[in-house]
Every structure is written in structure tokens, then in C-alpha cells.
Amino acid sequence: MSPAYATTFAVLGMKPEPYAVTPILSARIGIASVGDEPVHAIALRAQVRIEPNRRSYTDAESAGLLDLFGPRDRWDHTQRSFLWMHCATTVPGFTGGAEVDLPMPCTYDLEVAGSKYLHALRDGEVPLLFLFSGTVFIRGSDGFAVQQIPWDRDDRYRMPVSVWRELMAAHFPGMGWLRLREDTLAALTAYKGEHGLLGFDETVARLLAGAQESA
């Protein structure tokens, strides 16, 4: 991008989107454009990554992260930045600077690495890296110009774990969910019916109790 149209991005804050049907975080993005020409619009994209080696962990959190990173003594080799999500929005026209909300759709699916990581955290902050990309549309005296956001536009942000927990509590109060294969779900349903159990919580609790007795 020409220096006259240099555009920078910063993450100013994050919060749960209160009226969304599905879990969505809203990242407040500050945008600054250096130049006299107004920005007509920006098709903004972001790759959001988690950088787990940028924080410390309690023993309880370490146990929850075993499936992701292995034993703690291997973390120097296994804790690497990993993708959490891709998200996008359209920024309306502005001159000089603007702020916009970037929607970040989330899931509680514990088969997803990002959800598994966040579920294991008890307190503190989540170290995030936002890698911005997209297209800037400039409106000048000679018409429109289209330029790509440079590859080096990024920003780090430490999201409080409480923000994630607030989001999940709003959509899954006191609950979570697991993704199961059809045959596993069918077997679980059959076991529930055969033993006259009222719900899947009770069914899983019965199976776990039986496994503990056997052990």
C-alpha cells in the first residue's frame, strides 16, 4: 500500500455480543489511516491466533491442557501459536480514523483446539494475535483506488478469561456439549432407554460410576 494510504489496526477491547443467537465475541478495532483522501470502505479480514507460551498456568490448568500439549516438561517444544478462527467485517467510510466491531463466532465444541484450550483456563488472560488483511477502497478526486492491506498489519491483545466464561455462561448456563459419532450416540441412547434413565447426564454419570467401581 502506498505510504499516503497507510492504514493501521489495533484491538481496543473484547466483549460478548449480548443479543446474538449463537456465541459471538465482539472485538473493538481501532483503525487509523494516514493521508488526506477519505477511505470509502474496507473489506477487513482477520486471522486470530492463540499464543499459549505467552502466559503461565496453574497445575489444574496444566491437567486440562494435557491433551493439547502433553506433559508440562514438554511444553517448550509443544506450545506453539495455533489458529483459533478467521473472521471478517465491512468497515464503512471514514476520514483519518474509525472504530468498528469485528464479530468473532465461537463454539463450545471440545473437539476444536481453541475451545479445548479456553475451557482449561481458570483465570488470567488469553494471549491473542490478530493478523489483519483485506482490501481498502479509497475515494479521491480522480475516482476510486483499490489497495490490499499489507501482510505485516497485526496486533496482540490479552483477552481476560472472564470474557470467554461470560460468553459461554450466557449461551450454555451450567452446561457444555460433546460431539459424538452416530454409533456412539445410538449406543448411549439405547443404554439410557434400557435402564430407564431420564437424561444423558444421568446416563453418563451411571457409566462413569460403573467404570470407577470396576477400577
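To be clear, the structure that these remarks concern was listed above.
Throughout, a residue's number is its position along its own chain's written sequence, starting from 1. A pLDDT threshold of at least 70 governs which residues receive local features in this predicted model, and a stricter bar of 80 or more applies before side-chain atom pairs are shown or counted, although totals over entire chains, interfaces and linings include all residues. With hydrogens and water excluded, all non-hydrogen atoms of the structure serve as input to the side-chain values.

Novice: Is there a simple way to explain the overall build of the protein chain in this structure?
Specialist: Going along the chain from the N terminus, every DSSP run of H or I of four or more residues is numbered as a helix, and every run of E of two or more is numbered as a strand. Tallying secondary structure elements over the protein chain gives seven helices and eight strands in all. Our radius of gyration looks at C-alpha atoms and nothing else; its globule reference is 2.2 Å times the residue count to the power 0.38. The globule rule puts the C-alpha radius of gyration for 215 residues at 17 Å, and the 22 Å found for the protein chain is more than 25% above it. With respect to the three principal axes, the spread of C-alpha positions in the protein chain is 80 × 40 × 25 Å. For the protein chain, the share of sequence-separated contacts (at least 6 apart) that also reach a separation of at least 24 residues comes to 72%. Surface accessibility follows the Shrake-Rupley procedure with a 1.4 Å probe radius. Residue values consider only the protein chains on display as shielding. With an accessible surface of roughly 12,300 Å², the protein chain has 54% of that area assigned to carbon and sulfur atoms. Neither His nor the chain ends contribute to the count of charged residues, in which Lys and Arg are positive and Asp and Glu negative. The atom standing in for a charge is NZ when the residue is Lys, CZ when it is Arg, CG when it is Asp and CD when it is Glu. Counting 20 positive and 26 negative side-chain charges, the protein chain places the averaged centre of each group 2 Å from the other. The contact rule is simple, with two residues in contact once any of their heavy atoms fall within 4.5 Å.

Novice: Help me understand the side chain of S33 in this model?
Specialist: Position of S33 relative to the elements: it lies in strand β2 (residues 24–33). Ignoring anything within four residues of it in the chain, the contact list for S33 reads A6, T7, V39, F94 and G96.

Novice: What's the story with the pattern of salt bridges in this structure? I'm lost.
Specialist: Salt bridge criterion: a side-chain nitrogen from Lys or Arg within 4 Å of a carboxyl oxygen from Asp or Glu. In the structure shown here, the tally under the stated rule is ten salt bridges. The shortest N-O distance in the salt bridge between R28 and E99 comes to 3.2 Å. Taken together, the residues span a long stretch of sequence, with R28 in strand β2 and E99 in strand β5 (residues 97–105) at a distance of 71 residues. For E51, the salt bridge is made with R54, and the minimal N-O distance between the two is 2.7 Å. Per-residue accessibility, obtained with a 1.4 Å probe over protein chains only, is compared with the maximum for each type, and a residue is labelled buried under 20%, exposed over 50%, and partly exposed between these values. Looking at R54, the relative accessible area reads 27%, which means it is partly exposed. One salt-bridge network, held together by shared partners, links R28, E99 and D101.

Novice: Looking at this structure, how should I read the environment of V21?
Specialist: Structurally, V21 is set in the loop between β1 (7–16) and β2. Exposure remark for V21: the relative accessible area of 79% places this residue in the exposed category. Residues V21 and H171 lie 150 residues apart in sequence; the distance between their C-alpha atoms is 8.4 Å.

Novice: How should the nonpolar core be read in this particular structure?
Specialist: The tendency in soluble globular proteins is for nonpolar side chains to be buried side by side. Side-chain atoms within 4.5 Å are what join buried Ala, Val, Leu, Ile, Met, Phe, Trp, Tyr and Cys residues into a set we call a nonpolar core. Ranked by internal contacts, the top residues of the largest apolar core, which has 46 residues, are M14, W84, M104, Y117, F130 and M159. Ignoring any residue separated from it by four or fewer positions in sequence, one finds M104 in contact with M14, P23, I24, L25, A27, V48, W84, M85, C87 and F130.

Novice: Would you mind going over the pairing of β2 with me for this structure?
Specialist: Every other side chain in a regular strand lies on the same face of the sheet, so the side chains alternate between the two faces. Judged by how many residues are buried, β2 sits mostly within the fold: eight of ten residues are covered. Pairing between two strands is assigned when DSSP locates at least 2 bridges connecting them. The pairing of β1 with β2 spans nine bridges and is antiparallel. Counted as the bridge partner of P16 is L25 from β2. Where β2 and β5 come together, nine bridges link them in antiparallel fashion. Considered in β5, the bridge of I24 is made with P105.

Novice: Hey, could you run me through the sheet that holds β2 in this one?
Specialist: In any sheet, the strands associate via hydrogen bonds between backbone groups, in a parallel or an antiparallel arrangement. The sheet built from three strands is open, its strands ordered β1-β2-β5 with antiparallel pairing. What marks the edges here is a single partner per strand, and that holds for β1 and β5. Neighbouring strand axes in the sheet, compared pairwise and without regard to direction, differ in orientation by 25° on average. For helices, the fitted line uses only the C-alpha atoms of the stretch in contact; every axis is such a line through C-alpha atoms, and the angle between N-to-C directions lies from 0 to 180 degrees. Along the sheet, helix α5 (residues 161–171) makes contact with β1 and β2, crossing β1 at roughly 55°.

Novice: What is the right way to look at a nonpolar patch on the surface in this model?
Specialist: Patch building starts from residues that exceed 30% relative accessible area and form no salt bridge, then joins like charges within 9 Å and nonpolar side chains (Val, Leu, Ile, Met, Phe, Trp, Tyr) within 5 Å. A contiguous nonpolar patch, built from L178, L180, L185 and F200 and spanning about 370 Å² of accessible area, is present on the exposed surface. Take F200: it is sitting in helix α7 (residues 200–214).

Novice: Quick question: what am I supposed to make of the side chain of E51 here?
Specialist: Assignment of secondary structure puts E51 in the loop between β3 (39–50) and α1 (59–64). Identification of polar contacts relies on pairs of N or O atoms within 3.5 Å, with a donor-acceptor requirement for protein atoms, meaning one able to donate a hydrogen and the other able to accept it, and with residues adjacent in sequence counted only if both atoms are side-chain atoms. Side chain to side chain, E51 and R156 meet in a polar contact 2.8 Å long. Beyond its immediate chain neighbours, meaning those up to four positions away, E51 contacts S81, P127, L128, L129 and R156.

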